[in-house]
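# Breakdown of the fold
Here are the chains, one letter per residue:
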2 protein chains.
Amino acid sequence: MAATMTDVARLANVSVSTVSYVLTGARPISGATRERVLAAIAELGYSPNAMARGLASRRSTLLGLLLPLGEDGVGATVSAFVNGAASAASAAGYHLTLNPVGADDAAPLRELASRRLLAGAALMAVRLDDPRVDVLRELGVPYVLIGRTRDTTGVSFVDIDFDTTMADAVEHLVRLGHRRVVYVNHSQDALAAGDGPTVRTAEAFARAMRVHGLEPVMVAVDAGAAHGRIAVEEALARDPGVTAFVSMNESATFGILAGLADRGLRVPQDVSVVSVVMAPAVAELARPALTAMESPGAALGRLAVEALVDQLDRTDRRDEDKDKEVHQQLLPCTLRVRGTSGPVRS
Amino acid sequence: MAATMTDVARLANVSVSTVSYVLTGARPISGATRERVLAAIAELGYSPNAMARGLASRRSTLLGLLLPLGEDGVGATVSAFVNGAASAASAAGYHLTLNPVGADDAAPLRELASRRLLAGAALMAVRLDDPRVDVLRELGVPYVLIGRTRDTTGVSFVDIDFDTTMADAVEHLVRLGHRRVVYVNHSQDALAAGDGPTVRTAEAFARAMRVHGLEPVMVAVDAGAAHGRIAVEEALARDPGVTAFVSMNESATFGILAGLADRGLRVPQDVSVVSVVMAPAVAELARPALTAMESPGAALGRLAVEALVDQLDRTDRRDEDKDKEVHQQLLPCTLRVRGTSGPVRS
DNA sequence: GCGCTTCGTCGAAACGCTTCGATGATGACG
DNA sequence: CGTCATCATCGAAGCGTTTCGACGAAGCGC
């Protein structure tokens, strides 16, 4: 049915290896022959069989995006990463596969990786101690983290610069006169599991507050608008004089706004709210629109894939630059002031 | 490095074909031999090379999810589809690849499909006349639509039942006494391009209104909260007496609430708003929480992939049931009343 | 106990490509 | 004008599976 390389070779009056060389450029081919081959390819509408190519070259064009997938779907912020990754992969001639593998059970990943289907992998939702990383290293699958483990020596990653992000968020509030700020983090479970962003923002917030001589207060709640309201109650219980909230918990942030409104607290006149690591489009949905540390979004995913592809090319060429060169990059979120932050009430 | 089937065969003292039969079940193997082979497999930590398998069996475990990917990322509602699809694929032993191919240029798809990397494809964001469908049919790649073309004879698809959904939404409002309802649809561009949901909801809304003897008024705006405000202005210009909005435009819906508030119109006392085809989690973010026709979300993606896998299995077995049996399924959204709909003001 | 099917297993031929060593043809050089 | 690289191309050997035909060994009826 579909044309094979043999068909092309026959039509162009060359051997199959010549066709292969024209396609891959692995050896020089004269202009005339190349033309003839390309013409034959065009005439037959030929394109190489990916499986055969993969088998023979023991190289695949598949990049795995490894991430836990709950039934509820990922938020807009995460979906931006995925997006950027898919686009970048596509642009580099690779294909991105979505692999639901969580950090809890490494067995499926071991399976997946040893089937040699993937040329490389990008890990999302990385924990401080992530068993998946060990599996990948052990099986020799090139990988890049979106996020990072506790120990990052020799590991390529792209992550958000939580320290800078938190420092900027707190700084913004402090400048407005706020001194009693509560941080609404992801769930207690995420914290206990060692989820990177959860743990890092907790620490970064504490540091940022102490820099200004302030006491950090943190509340951890599950996702969902309802839990945002709970966060407000808990925060007020812990510190009735709180004047500002910082939140990374996307859906809860909306609940915080609702909870404050319910209590008759106006935003930003009575209380300020700053969302961290949020996609601009999401921040715009709130009323008032949320002042936010906007996440680098698609760029993160794109950079991760580009780093991965780079690494693959390097191993392929195996040239002078030692191929164990790691790519480590932190991207800060950028402050975008909208309607939920203002001077502390006097 | 990695163990091959030959290694397993040697260790188990059988031929490679026997190992293959144990793995694929293509031929019966005695219990004793099977045990021996499985033991060898376990000992070597063997798992079959996906490429070699794919080449020899001309079957792949990759399902392509074909969808246009803007840099801005997909909304939570779409991401739920993707999610469901990825999970279902994974559960069925397949892998989902994310392929950014829009309906505008079919060339990349032709490339992709003729490389025989994909066992099948699921198309998202289907237009009434979608060139991608022709490409897939022509190249003989099994496919399922998430959405549907104008003519659906012989085509498998899973889609939202826009007729029922709109009828229910309008019915809900009419029962509350509303008679002047405006539908806020996706952009004029989407409408002109023949985007399925955009066109179908437009028609369904008109039908639903006429059933009640009401005049359908529709406004088409781009995505984004800002455009929701524009929609409100435009709606009031078209009919100053409007008492209710129906909207499918996710981000604009939030803008509608903002726009109404700006004008001093209270929701739901003065004006009602019903969102259609929206994920519950998103509806909860609004204040008040949105009355919505909730989209089947992950189920849609899951069903599509299951239908596709079914079709693949059937072509494989090529048994009595004619393998051109199509799967066509419409899922309605379900009404969930929250805080944005109420009796018409008297 | 003779032919017969049935069952479990084997060997070898694909599958469609990449890659390596080899081979003529070509041109440079002394 | 013979010698040696150099260059473009060829042929063949894989890559790790699946799958098909074949073939002994049992098991069956008579």
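See above for the structure.
Every chain is numbered on its own, with residues counted from 1 as its sequence reads. As they are written, the chains are lettered A onward and the ligands numbered 1 onward, keeping that order. For this predicted model, a pLDDT threshold of at least 70 governs which residues receive local features, and a threshold of 80 or more governs which side-chain atom pairs are given and counted, while totals over whole chains, interfaces and linings are taken from all residues. Derived side-chain values reflect all non-hydrogen atoms in the structure, with water molecules and hydrogen atoms excluded from consideration.

### Considering the relation of the copies chain B and chain A
- When the copies are superposed, the least-squares fit takes in the C-alpha atoms of residues with a pLDDT of at least 70 in both. The two copies are related by a screw motion: chain B maps onto chain A through a turn of 180 degrees and a shift of 0.0 Å along the axis, at an RMSD of 0.1 Å. On this basis, the relationship between the two copies can be described by a two-fold rotation axis. If distances are taken from each C-alpha of chain B to the rotation axis, the shortest is found for Thr 97 of chain B, at 2.0 Å.

### A look at the packing of helix α11 (residues 225-238) of chain B against helix α12 (residues 250-262) of chain B
Residues and elements named next belong to chain B.
- Each axis is a line fitted through C-alpha atoms, taken for helices only over the stretch in contact, and angles between the N-to-C directions span 0 to 180 degrees. A helix here means a DSSP run of H or I that spans at least four residues, while a strand means a run of E at least two residues long, and both kinds are numbered starting from the N terminus. For the pair α11 and α12, the least separation of the axes is 6 Å and the interaxial angle reads 55 degrees. Accordingly, the angle class assigned to the pair α11 and α12 is oblique. The handedness of the crossing between α11 and α12 is right-handed. Seen from α11, the contacting residues are Ala 225, His 227, Gly 228, Arg 229 and Val 232; seen from α12, they are Ser 251, Ala 252, Gly 255, Ile 256, Ala 258, Gly 259, Leu 260 and Asp 262.
- As a working rule, the residues Ala, Val, Leu, Ile, Met, Phe, Trp, Tyr, Cys and Pro are called nonpolar, Asp, Glu, Lys and Arg charged, and the rest polar, with Gly in that last group. Residues belonging to the contact of α11 with α12 are distributed by class as follows: 6 nonpolar, 5 polar and 2 charged. Any angle that is under 35 degrees is reported as roughly parallel, and any over 145 degrees as roughly antiparallel; angles of 65 to 115 degrees are reported as roughly perpendicular and all others as oblique. Helix crossings get a hand from a simple test, with the near helix turned counterclockwise from the far one by less than a right angle marking a left-handed crossing and a clockwise turn marking a right-handed one. Only heavy atoms matter for contacts: two residues are in contact if any of them lie within 4.5 Å across the pair.

### Considering the sheet that holds strand β12 (residues 334-336) of chain A
Residues and elements named next belong to chain A.
- The strand order across the open sheet formed by 6 strands is β7-β6-β8-β9-β10-β12, and the pairing between neighbours is mixed. The open sheet terminates on both sides in strands that have one partner only, identified here as β7 (217-220) and β12. Between one strand and the next, the sheet's axes are offset by a mean angle of 20 degrees, whatever the strand orientation.
- This element, helix α8 (residues 162-175), spans β6 (181-185), β8 (244-247), β9 (272-278), β10 (291-294) and β12 of the sheet and lies at about 165 degrees to β9.
- Against the sheet, helix α12 (residues 250-262) contacts β6, β8 and β9, and its axis sits at roughly 170 degrees relative to β9. Note on pairing: two strands pair once DSSP finds at least 2 bridges between them.

### Quick look at the interface of chain B and chain A
- With 47 residues of chain B at the contact, the number on the chain A side is 47 residues.
- Buried surface area refers to the total accessible area, computed with a probe of radius 1.4 Å, that the two partners give up upon joining, counted for both partners together. For the pairing of chain B and chain A, the buried interface totals around 4200 Å² over both sides, and the portion due to carbon and sulfur atoms is 61%.
- In terms of surface lost to chain A, no three residues of chain B exceed Met 51, Leu 285 and Arg 287 of chain B, which account for 18% of the buried area on that side.
- Under the rule applied, a polar contact is a pair of N or O atoms within 3.5 Å (in protein, one hydrogen donor and one hydrogen acceptor; residues adjacent in sequence only if both atoms are side-chain atoms). Between chain B and chain A we count 7 residue pairs in polar contact (both at pLDDT 80 or more) in total.
- If you list the elements that add at least two residues to the side of chain B that touches chain A, you get α4 (50-57), α5 (76-91), β2 (95-100), α6 (107-114), α12 and α14 (298-317) of chain B.
- Its residues assigned to classes, the side of chain B that touches chain A shows 22 nonpolar, 16 polar and 9 charged.
- In this sheet, β2 of chain B lies alongside strand β2 (residues 95-100) of chain A in antiparallel orientation, the contact comprising 3 bridges. Residue pairing across strands places Thr 97 of chain A opposite Thr 97 of chain B, the latter belonging to β2 of chain B.

### So, the protein's contact with DNA strand C
- We call a residue near a molecule or strand whenever a single non-hydrogen atom of that residue lies within 4 Å of it. Every one of the 29 residues lining DNA strand C counts as a neighbour, but Met 5, Tyr 21 and Arg 27 of chain A together with Thr 18 and Thr 33 of chain B are closest to it.
- For DNA strand C, the backbone makes up 58% of the atoms found within 4 Å of the protein, where backbone means sugar plus phosphate.
- At a separation of 3.0 Å, a phosphate oxygen of DNA strand C approaches a polar side-chain atom of Arg 53 of chain A.
- A distance of 2.7 Å is found between a base oxygen of DNA strand C and a side-chain nitrogen or oxygen belonging to Arg 27 of chain B.
- Within the residue set of the surface near DNA strand C, elements represented by two or more residues are α2 (16-24) and α4 (50-57) of chain A together with α2 (16-24) and α4 of chain B.
- Considering only residue class, the surface near DNA strand C consists of 12 nonpolar, 12 polar and 5 charged.

### Here's the deal with the protein's contact with DNA strand D
- The full set close to DNA strand D counts 29 residues, and Thr 18 and Thr 33 of chain A together with Ser 20, Tyr 21 and Arg 27 of chain B are the nearest of them.
- Taken together, the sugar and phosphate atoms account for 56% of what DNA strand D places within 4 Å of the protein.
- In the model, a phosphate oxygen of DNA strand D is placed 2.4 Å from a nitrogen or oxygen of the Thr 18 of chain A side chain.
- Secondary structure elements with two or more residues in the surface near DNA strand D: α2 and α4 of chain A together with α2 and α4 of chain B.
- Taken together, the residues of the surface near DNA strand D break down into 12 nonpolar, 12 polar and 5 charged.

### Things to note about unusual backbone geometry
- Note the cis peptide between Val 267 of chain A and Pro 268 of chain A, where omega equals 10 degrees.
- Tracing the backbone shows Pro 268 of chain A in the loop between α12 and β9.
- Residue Asn 13 of chain A is not a glycine yet carries a positive backbone phi of 60 degrees.
- With respect to the helices and strands, the residue Asn 13 of chain A is situated in the loop between α1 (5-12) and α2.
- Think of it in three bands: residues with accessible area under 20% of the maximum for their type are buried, residues over 50% are exposed, and the middle band is partly exposed, with areas taken using a 1.4 Å probe on protein chains only. Classification of Asn 13 of chain A by relative accessible area gives exposed; the value is 67%.
- Residue Arg 58 of chain B is not a glycine yet carries a positive backbone phi of 40 degrees.

### Points about the pattern of salt bridges
- A side-chain nitrogen of Lys or Arg and a carboxyl oxygen of Asp or Glu constitute a salt bridge if their distance falls within 4 Å. For the coordinates displayed, the defined rule picks out 30 salt bridges over all chains.
- A salt bridge links Asp 310 of chain A to Arg 314 of chain A; the nearest nitrogen and oxygen atoms lie 3.6 Å apart. Here the residue Asp 310 of chain A and the residue Arg 314 of chain A both occupy positions in helix α14 (residues 298-317), the gap between them amounting to 4 residues, near one helical turn.
- Take Asp 310 of chain A: its relative accessible area is 44%, and that puts it in the partly exposed class.
- Here Asp 129 of chain B ties to Arg 150 of chain B by a salt bridge, and the two come within 2.6 Å at their closest N and O atoms. A residue pair is termed long-range when its members are at least 10 positions apart, and Asp 129 of chain B in the loop between β3 (120-123) and α7 (131-139) and Arg 150 of chain B in the loop between β4 (143-146) and β5 (157-160) qualify at 21 residues. Like Asp 129 of chain B, the residue Arg 150 of chain B is exposed in the burial classification.
- Three or more residues are tied together by salt bridges with common partners; here these are Glu 284, Glu 294 and Arg 338 of chain A.

### A look at α7 of chain B
Residue and element names in this part refer to chain B.
- Within α7, the full set of buried residues consists of Arg 132, Val 133, Val 135, Leu 136 and Leu 139. Down the axis of α7, the buried side of the element spans an arc of 160 degrees, and every buried residue falls inside it.
- Turning to α7, the residues buried within the fold contact β1 (62-67), α6, β3 and β4.
- At the C-terminal side of α7, Gly 140 shows a positive phi close to 70 degrees. Here, the arc refers to the directions that run from the helix axis to the C-beta atoms.

### Brief notes about the pairing of β8 of chain A
All names here are of chain A.
- Alternating residues of β8 divide into Ala 244 and Val 246 and Phe 245 and Ser 247, and every residue in both groups is buried.
- Bridge count for β6 against β8 is 4 bridges, and the pairing is parallel. In the sheet register, Val 184 faces β8, and the bridge partner there is Ser 247.
- Where β8 and β9 come together, 4 bridges link them in parallel fashion. Of the residues in β9, the one forming a bridge with Ser 247 is Ser 275.

Honestly, it's all geometry; don't read function into it.
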